[in-house]
Amino acid sequence: QVQLVESGGGLVQPGGSLRLSCAASGSSFVVNALGWYRQAPGKQRELVAITTKFGSTNYADSVKGRFTISRDNAKNTVHLQMNSLKPEDTAVYYCNAKGTQLVMSTLADFESWGQGTQVTVSS
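Below, the structure is looked at part by part. (Residues numbered from 1 in each chain as written. Predicted model: local features only at pLDDT ≥ 70, side-chain atom pairs only at ≥ 80, totals over all residues. Heavy atoms only, no water.)

**Considering the overall build of the chain**
Put simply, the rule reads: Secondary structure elements follow DSSP: runs of H or I no shorter than four residues count as helices, runs of E no shorter than two count as strands, and numbering proceeds from the N terminus. The globule rule used here is 2.2 Å times the number of residues to the 0.38 power, and the radius of gyration it is set against is calculated over C-alpha atoms. Residue exposure (1.4 Å probe, protein chains only): buried if accessible area is under 20% of the type maximum, exposed if over 50%, otherwise partly exposed. Here a residue-residue contact requires only that any non-hydrogen atoms of the pair lie within 4.5 Å. For accessible areas, the Shrake-Rupley method is used with a probe of radius 1.4 Å. Any residue's cover is judged against the shown protein chains and nothing else. Asp and Glu are treated as the negative residues and Lys and Arg as the positive ones, with His and the ends of the chain left uncounted. A single reference atom marks each charge: NZ on Lys, CZ on Arg, CG on Asp, CD on Glu.
The helix and strand inventory of the chain stands at zero helices and eleven strands. When the helices and strands of the chain are read in sequence order from the N terminus, they spell out β-β-β-β-β-β-β-β-β-β-β. A compact globule built from 123 residues would reach a C-alpha radius of gyration of about 14 Å, and the chain, at 15 Å, matches this within 12%. With respect to the principal axes defined by its C-alpha atoms, the chain has extents near 55 × 25 × 20 Å. The proportion of buried residues among the 123 residues of the chain is 42%. In the chain, of all internal contacts separated by at least 6 residues, the share reaching a separation of at least 24 is 56%. Entry remark: accessible area of the chain is about 6600 Å², with carbon and sulfur atoms responsible for 49%. Of the side-chain charges in the chain, 11 are positive and 8 negative, and the distance between the mean point of each set is 3 Å.

Structure representation (structure tokens):
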């Protein structure tokens, strides 16, 4: 299957910045969309930002103007630059990939999730 490896989480003070990275690896696959989701304790997982291979992007209202998602199609890598962080941004952030994979000589859609990386915004 397609594996996602995340990095960049950590502890930062309010107003600070962090940059998350996620790389997809595997065989016989193409990624159509890459995104970041987050989940805080007691809350549902929510979409933070998503981008397609053609460059379209979408952001949650709560992060518009502060977060920027970008991708490298050749490396199947996605980044999330987080600026002006707030305590309410504290959550586990998950990388998500959707695409197509060749399995047993058949093309099939796939969806993969990273293991999650903790982002804590606190003074």
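Moving on from the coordinates now.
**Thoughts on the pairing of strand E5 (residues 46-52)**
Across a regular strand the side chains alternate sides, sitting on one face of the sheet and then on the other. Selection criterion: What makes two strands pair is DSSP finding at least two bridges between them.
As paired strands, strand E4 (residues 29-39) and E5 are joined by six bridges and run antiparallel to one another. Across the sheet, residue Ala33 finds its bridge partner in E5, namely Thr52. The antiparallel pairing of E4 with E5 creates a hairpin that spans six residues between the two strands, and Gly42 there sits at a positive phi of about 80 degrees. What sits between the antiparallel neighbours E5 and strand E6 (residues 57-59) is a turn of four residues, in which Gly55 has the positive phi angle 100 degrees.

**Some details on the state of the cysteines**
The line we're drawing: Disulfides are defined in this document as cysteine sulfur pairs within 2.5 Å.
Per the stated rule, a full pass over the model turns up one disulfide. Bridging Cys22 to Cys95, the disulfide has an S-S length of 2.1 Å. Between Cys22 and Cys95, the S-S torsion sits near -85 degrees, and that sign places the bridge as left-handed. Separated by 73 residues along the polypeptide, Cys22 in strand E3 (residues 18-25) and Cys95 in strand E9 (residues 91-103) bring together distant segments of the chain. Take Cys22 and Cys95: they sit in the same class, and that class is buried.

**Structural notes on the nonpolar core**
A general tendency of soluble globular proteins is for nonpolar side chains to be buried together. Threshold: Only buried Ala, Val, Leu, Ile, Met, Phe, Trp, Tyr and Cys residues count toward a nonpolar core, and they belong to the same one when joined by side-chain atoms within 4.5 Å.
Trp36, Val48, Phe67, Leu80, Met82 and Tyr93 are the most contacted members of the largest nonpolar core, which totals 29 residues. Elements supplying a minimum of two residues to this core: E3, E4, E5, strand E7 (67-72), strand E8 (77-82), E9 and strand E11 (117-121).

**Overview of the packing of aromatic side chains**
Put simply, the rule reads: Aromatic contacts are taken between Phe, Tyr and Trp rings whose centres are within 6.5 Å, Trp giving its six-membered ring; a plane angle under 30 degrees counts as stacked, one over 60 as edge-to-face, and the others as tilted. Charge over a ring is defined by NZ of Lys or CZ of Arg lying within 6 Å of the ring centre and within 35 degrees of the ring normal.
Summed over the entire model, instances satisfying the criterion amount to two aromatic pairs. Sitting over the face of the ring of Tyr94, Arg45 holds its NZ or CZ atom 3.8 Å from the ring centroid.

Honestly, that's just the spatial picture; any functional story needs more than this.
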